[in-house]
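In case you want the letters, here they are:
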Amino acid sequence: MPHCLGEGDGCQVEGVSPACSGGKRENPPSLSRRFISGQILFRIQLHPSPSWTVVPVFTHHAHSASLSAVAVNNRYVVTGSRDETIQIYDMKKKIEHGALLQHNGTITCLEFYGTAHLLSGAEDGLICIWNTKRWECLKSIKAHKGHVTSLSIHPSGKLALSVGTDKTLRTWNLVEGRSAFIKNLKQNAHIIKWSPDGERYVTVITSKVDIYKLDTASITGTITTEKRISSLRFITDSILAIAGDDEIIRFYSCDSQKCLCEFKAHENRIKDIYSFEREGQHVIVTASSDGYIKMWNLDLNKIKDVPSLLCEVNTKARLTCLAVWLDQASEMKENSDKAATLSQGNEDEKSSIVRKNKVCRTDKSVKAAKKKREITPEKQKSEAPLQKKKKKQNSSS
């Protein structure tokens, strides 16, 4: 079952402030069903069937300053803030797991790789590589002379890219934990992102998206928008969803750099976009400064059509970032229950057919017996001389 996590400003909600470092502390029972904003973390539970509905689960005063980044994997949610800490939440145990205190500056970016590693970047210019089993810092790299503004891990887990306020794009060898390549940029980039297949990556500089090819590390195309780009997401290997400092979502082709579709999603600027796939359905999630989180159904076969709104929730806060945690255990249980129901239905149908066949066979045998009993004595008498006559003929021959 998907859980939507948003962060923003301007919402004062009582909650437990996680101040421990590396330890575990159980939250009050209500924390397992709450949400986030500014200093507040919002959690919203999505119920996809029979119709999409959203249920606010919890609000939690997560940090002492504005939240700036959020990331999820199959078990944990981590949040970064201007208070220079990273807070960890164990979604399976529904507890606060602790805090990471390695950085000296606003946490600007967080990204998990699988279940074992987390990368964090901050305004102190550091990129930290964390082991998520023991939550220890494996390596702290001085990545940029200025702030680290964004980072992205290659799908293979062997490479990472980062951009910073020193006007550089850096490639990192994560196997050896060292810099592999440095590219100078004309301006500071604030977003970098790998495509799902790892064959291309994009950088965002103000309102311009440069598309790079991995094998040549050269720009293959550029997309330019009217407003500053606040968020970007690969929907497929070749389709980008872009949100700027306005209320419009636009889908672009990386191959042609043409806008495939655009639609008004909110009443105010869009702060973040997230996407996920569930049972073949592509869902786009958007968060806006207007306080709304909305979910949209995207038909990739009709990419030029405006996505349909599935559901929405008003957090009444100025949201800053967004992530979706998919409860895979719940999904597997739901699917297994469906399969069990279907299997039971098939068994019932089969047994019904068997019973019908048995009834048919019984009916036939009953009818045959009745028919046998219905032979008249006259017929029996007329059949007897015939049988005797046949026997005589056989004996004479």
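Being a predicted model, the structure only gives us computed values, none of them experimental. (Residues numbered from 1 in each chain as written. Predicted model: local features only at pLDDT ≥ 70, side-chain atom pairs only at ≥ 80, totals over all residues. Heavy atoms only, no water.)

Chemist: Just checking my understanding: could you explain the overall build of the protein chain for this structure?
Modeler: Scanning the protein chain from N- to C-terminus turns up 2 helices and 29 strands. Relative to its full complement of 397 residues, the protein chain shows a buried share of 48%. The long-range fraction of contacts in the protein chain, counting pairs at least 24 apart against all pairs at least 6 apart in sequence, stands at 46%. Summing over all exposed atoms, the protein chain offers an accessible surface of approximately 20100 Å²; the carbon and sulfur share of this is 49%. (Helix = DSSP H or I, 4+ residues; strand = E, 2+ residues; numbered from the N terminus. Buried < 20%, exposed > 50% of the residue type's maximum accessible area, 1.4 Å probe, protein only. Contact = heavy atoms within 4.5 Å. Areas by Shrake-Rupley, 256 points an atom, 1.4 Å probe, with all protein chains shown as cover.)

Chemist: Teacher, can you tell me more about the sheet that holds strand E7 (residues 86-90) here?
Modeler: Hydrogen bonds between backbone atoms are what pair the strands of a sheet, whose relative direction is either parallel or antiparallel. Reading across from one edge, E5-E6-E7-E8 is the order of the 4 strands in this open sheet, with antiparallel pairing throughout. One side of each edge strand has no neighbouring strand; the edge strands of this open sheet are strand E5 (67-72) and strand E8 (95-100). Adjacent strand axes in the sheet meet at a mean angle of 20 degrees, parallel and antiparallel pairs treated alike. Pairing between strand E6 (residues 76-81) and E7: 5 bridges, direction antiparallel. Within E7, the position partnered with Thr79 by the bridge is Gln87. (Pairing = 2+ DSSP bridges. Axes fitted to C-alpha atoms, helices over the stretch in contact; angles between N-to-C directions.)

Chemist: Would you take a moment to explain the pairing of strand E22 (residues 239-244) for this structure?
Modeler: Note on strand geometry: in a regular strand, side chains alternate between the two faces of the sheet. Most of E22 is tucked away: 6 of the 6 residues are buried. Because side chains alternate across E22, one face comprises the buried residues Ile239, Ala241 and Ala243, and the other comprises Leu240, Ile242 and Gly244, equally buried. Pairing between strand E21 (residues 229-234) and E22: 5 bridges, direction antiparallel. Its bridge partner being in E22, Arg233 is matched across the sheet by Ala241. From the end of E21 to the start of E22, which pair antiparallel, there are 4 residues. Relative to strand E23 (residues 248-253), E22 is paired through 5 bridges, and the arrangement is antiparallel. Residue pairing in the sheet places Ala243 in a bridge with Ile249 of E23. Linkage of E22 to E23, two consecutive antiparallel strands, is achieved through a turn of 3 residues.

Chemist: What is the right way to read the pairing of strand E20 (residues 218-224) from this model?
Modeler: When strand E19 (residues 208-213) meets E20, the two strands line up antiparallel, connected through 6 bridges. Note that in E20 the partner of Tyr212 across the bridge is Ile219. Hairpin geometry of E19 and E20 is characterised by an intervening segment of 4 residues between the two adjacent antiparallel strands and by a positive phi of about 55 degrees at Ala217.

Chemist: Help me out: how do you make sense of the nonpolar core in this one?
Modeler: Within soluble globular proteins, side chains that are nonpolar generally end up buried alongside one another. Val54, Tyr274, Val285, Ile293 and Met295 are the most contacted members of the largest nonpolar core, which totals 29 residues. For this core, the secondary structure elements donating two or more residues are strand E3 (40-47), E5, strand E25 (270-278), strand E26 (281-288), strand E27 (292-298), strand E28 (308-314) and strand E29 (318-326). When residues in this core are grouped by element, the largest group, 6 residues, is from E29. (Core = buried A, V, L, I, M, F, W, Y, C linked by side-chain atoms within 4.5 Å.)

Chemist: Even after reading the chapter, I still don't get the UniProt feature "repeat: WD" (unreviewed entry) in the protein chain, so can you show me in this structure?
Modeler: Here, UniProt's "repeat: WD" (unreviewed entry) annotation points to residues 60-92, 100-140, 141-182 and 263-299. The distance from the first to the last C-alpha atom of residues 60-92 is 17 Å, and the span holds 0% helix and 58% strand. (UniProt positions renumbered as here; feature names shortened; annotations may be inferred.)

Chemist: Looking at this structure, how should I read a negative patch on the surface?
Modeler: Residues Asp197, Glu199, Asp215 and Asp237 make up a contiguous surface patch of negative charge. Tracing the backbone shows Asp237 in the loop between E21 and E22. (Patch = residues over 30% accessible without salt bridge, like charges linked within 9 Å, V, L, I, M, F, W, Y side chains within 5 Å. Salt bridge = Lys/Arg side-chain N within 4 Å of Asp/Glu carboxyl O. Lys, Arg positive; Asp, Glu negative; His and termini not counted. Charge placed at Lys NZ, Arg CZ, Asp CG, Glu CD.)

Chemist: Even after reading the chapter, I still don't get the pattern of salt bridges, so can you show me in this structure?
Modeler: Close approach of charged atoms lets side chains of opposite charge pair. For the structure on display, the rule yields 11 salt bridges. Ionic pairing is found between Arg75 and Asp90, a salt bridge with its closest N-O pair at 2.7 Å. Pair noted here: Arg75 is in the loop between E5 and E6 and Asp90 is in strand E7, with a separation of 15 residues, a long-range link. We classify Arg75 as partly exposed; its relative accessible area is 25%. Looking at Asp90, the relative accessible area reads 1%, which means it is buried. With a shortest N-O distance of 3.2 Å, Asp255 and Arg200 are connected by a salt bridge. Of this pair, Asp255 sits in the loop between E23 and strand E24 (259-264) while Arg200 sits in strand E18 (residues 200-205), and the two are 55 residues apart along the sequence. Owing to a relative accessible area of 18%, Arg200 belongs among the buried residues under this scheme. Within this structure, Asp246, Arg250 and Glu262 form a network of salt bridges that share partners.

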